[in-house]
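Commentary on secondary and tertiary structure
Residues per chain are reported as follows:
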Amino acid sequence: LIQEIKNAHAGPQHALTTLRIGAILEGIGIGEIPRFILLAHDKLTPVEQEACFRPLLERWLKADPAAAMDFVLHDFPIREGSFGQRTGLLGRLFDSWTPVDLGMAKAWLLSNWEAPGMTEIFVMNPLRHQLSVDVVDKLLYDGGREAAIGFARQLPEGAARKLVMHAIAGSDPYSSACMNLPMEEVLALYRALLAMPEKDLGRDTAALLWKNLRERRTEGLAGMEESMNPAERFEASLATLLVRRTATVREPTPGGGYIQRSEPLDGVAVGRDAAIEAGLAIGMARSEIVAVMTELVMNNMPHEQTLEWVDKYSEEADLDALLIRKVSQLGKGDDSGY
């Protein structure tokens, strides 16, 4: 089989080559796939491996997904100079698995969380973090906002929880669900975040969601804001502090898509007065509003801007308790802020 594969790859590479390789691979049964990969790994070039291993593993994935994933994670041979091959395979296989059986894929991810291969970098993050983003994105596309938030909350690591919550809010470059949901579902997601038991995490994530909407998707935003109750509107006005650009118009492109144009926006200038007004409307004291704004600034803005803010508003509210609490969290695994 190995010699047949090499012969098929010896000539020019085209669609017929793929068909020939596919016909050769059909002679390998599901139960023979792991043995074949282990025997062939050192005898095939990286190009030949890509042509053979991926279709074999995808066929195995359809028959027994957990076994296929376990093999790649624990037993797939790592060749010197082929860094990233295992993580790339796992990422692609997992992405194929989640639309078919998201529940089983999610359970597999959590049960293998501590496996050494799960900490290798895939794209930009440890593999287990990136696979977690894949899970929540599909949950959101399926309307499972509560399930997405619940999954993020059960992750056993603070950095993973933070990354996944950012993905729910649309801040991860490899997540797109919340920016494509109908506005009524986005509002429901916003409310679910504010209702989280972890109040700080929920409030920060809701703020990021509103920020991303203001910067990238303004259509329907006014209607969403009108549907909010006064407390929710206060949270939205707080989030405006984080906005740096605002979406303006969508320009169509020849291929049927569009380009979203935007322009700079000073969110602090726009959001500060709006937040104070909205906070006063729900019965908050001005000093309490300033303290809430300060914590949001500390969790989400660069240190220089944070220090400028604290210096400017330290006389309007007692910020000492907040500052002491933030300093006490440093070095204790807290991933939430300054």
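In case you missed it, the structure is sitting above this.
Predicted model only: the values in this text are computed from it and were never measured.

**Topic: the overall build of the protein chain**
For the protein chain, the count of helices and strands is 18 helices and four strands. Considered along the principal axes of its C-alpha atoms, the protein chain spans approximately 80 × 50 × 35 Å. For the protein chain, with 338 residues in total, the buried portion stands at 46%. Sequence separation of 24 or more characterises 63% of the internal contacts of the protein chain that already satisfy a separation of 6 or more. Surface summary for the protein chain: the accessible area is close to 16,500 Å², and the carbon and sulfur share equals 54%.

**Details of the pairing of strand β4 (residues 258–264)**
On any regular strand, side chains alternate: one points to one face of the sheet, the next to the other face. For strand β3 (residues 245–252) and β4, the ladder comprises six bridges, and the chain directions are antiparallel. Within β4, the residue paired with Thr 246 across the bridge is Glu 263. Here β3 folds back onto β4, and the loop between the two strands holds five residues, one of which, Gly 256, carries a positive phi near 95°.

**What to know about the environment of Gln 154**
Within the secondary structure, Gln 154 is located in helix α9 (residues 145–154). Each C-alpha atom, one on Gln 154 and one on Ser 237, is 29 Å from the other, the two residues being 83 residues apart in sequence.

**Digging into a negative patch on the surface**
Negative charge collects at one region of the surface, where Glu 304, Glu 308, Asp 311 and Glu 315 lie side by side. Along the chain, Glu 304 turns up in helix α17 (residues 303–313).

**Looking at helix α3 (residues 33–40)**
Taken together, the buried positions of α3 are occupied by Ile 33, Phe 36, Ile 37 and Ala 40. One side of α3 holds all its buried residues, which, seen down the axis, span an arc of 100°. Residues of α3 that are buried sit in contact with α1 (2–10), α4 (46–63) and α5 (65–75).

**Side note on the packing of aromatic side chains**
Taken as a whole and assessed by the stated rule, the structure comprises eight aromatic pairs. Note on Trp 60 and Phe 71: the rings are 5.5 Å apart at their centroids and 45° apart in plane angle, and the pair reads as tilted. A residue pair is termed long-range when its members are at least 10 positions apart, and Trp 60 in helix α4 and Phe 71 in helix α5 qualify at 11 residues. Given the relative accessible area of 5%, Phe 71 is considered buried. Judged by centre distance (6.3 Å) and plane angle (55°), the rings of Tyr 190 and Trp 210 are tilted. One end of the pair, Tyr 190, is in helix α11 (residues 183–194); the other, Trp 210, is in helix α12 (residues 199–216), and 20 residues separate them in sequence. The same class applies to Tyr 190 and to Trp 210, which are both buried. Among the aromatic side chains, those forming a connected cluster through ring pairs are Phe 53, Trp 60, Phe 71 and Phe 76.

**Brief notes about the nonpolar core**
Trp 108, Ile 168, Leu 209 and Met 224 are the most contacted members of the largest nonpolar core, which has 100 residues in total. Leave out the neighbours within four places in its chain, and Leu 209 touches Ala 169, Cys 178, Met 179, Val 186, Leu 189, Tyr 190 and Leu 193.

Calculation rules
Numbering of residues starts from 1 in every chain and runs along the sequence as written. Reporting of local features is limited, given that this is a predicted model, to residues whose pLDDT is at least 70; pairs of side-chain atoms are given and counted only at 80 or more, and all residues count toward the totals for whole chains, interfaces and linings. Excluded from the side-chain calculations are hydrogens and water; all other atoms, namely the structure's heavy atoms, are used. Strands here are runs of E lasting at least two residues and helices are runs of H or I lasting at least four, both read from the DSSP assignment and numbered beginning at the N terminus. Throughout, exposure labels follow a simple rule: accessible area from a 1.4 Å probe, protein chains only, divided by the maximum for the residue type, with under 20% read as buried, over 50% as exposed, and the rest as partly exposed. Any two residues whose heavy atoms approach within 4.5 Å at even a single point are treated as in contact. Surface exposure here means Shrake-Rupley accessible area, sampled with a 1.4 Å probe, where a residue is shielded only by the protein chains that are shown. If DSSP finds at least two bridges between two strands, the strands pair. Patches were defined on residues exceeding 30% relative accessible area and lacking a salt bridge, with like-charge contacts within 9 Å and nonpolar side-chain contacts (Val, Leu, Ile, Met, Phe, Trp, Tyr) within 5 Å. Between Lys or Arg on one side and Asp or Glu on the other, a salt bridge is scored when a side-chain nitrogen of the former is within 4 Å of a carboxyl oxygen of the latter. Counted charges follow a simple rule, with Lys and Arg positive, Asp and Glu negative, and His plus the chain ends left uncounted. Charge placement uses NZ in Lys and CZ in Arg. For Asp and Glu, CG and CD serve respectively. Directions from the helix axis toward the C-beta atoms define the arc. Only the six-membered ring of Trp is used, alongside the rings of Phe and Tyr, when aromatic pairs are assigned; centres must lie within 6.5 Å, and planes under 30 degrees apart are stacked while those over 60 apart are edge-to-face, with the rest tilted. By nonpolar core we mean a set of buried residues, namely Ala, Val, Leu, Ile, Met, Phe, Trp, Tyr and Cys, connected to one another through side-chain atoms within 4.5 Å.

These figures capture arrangement, not role.
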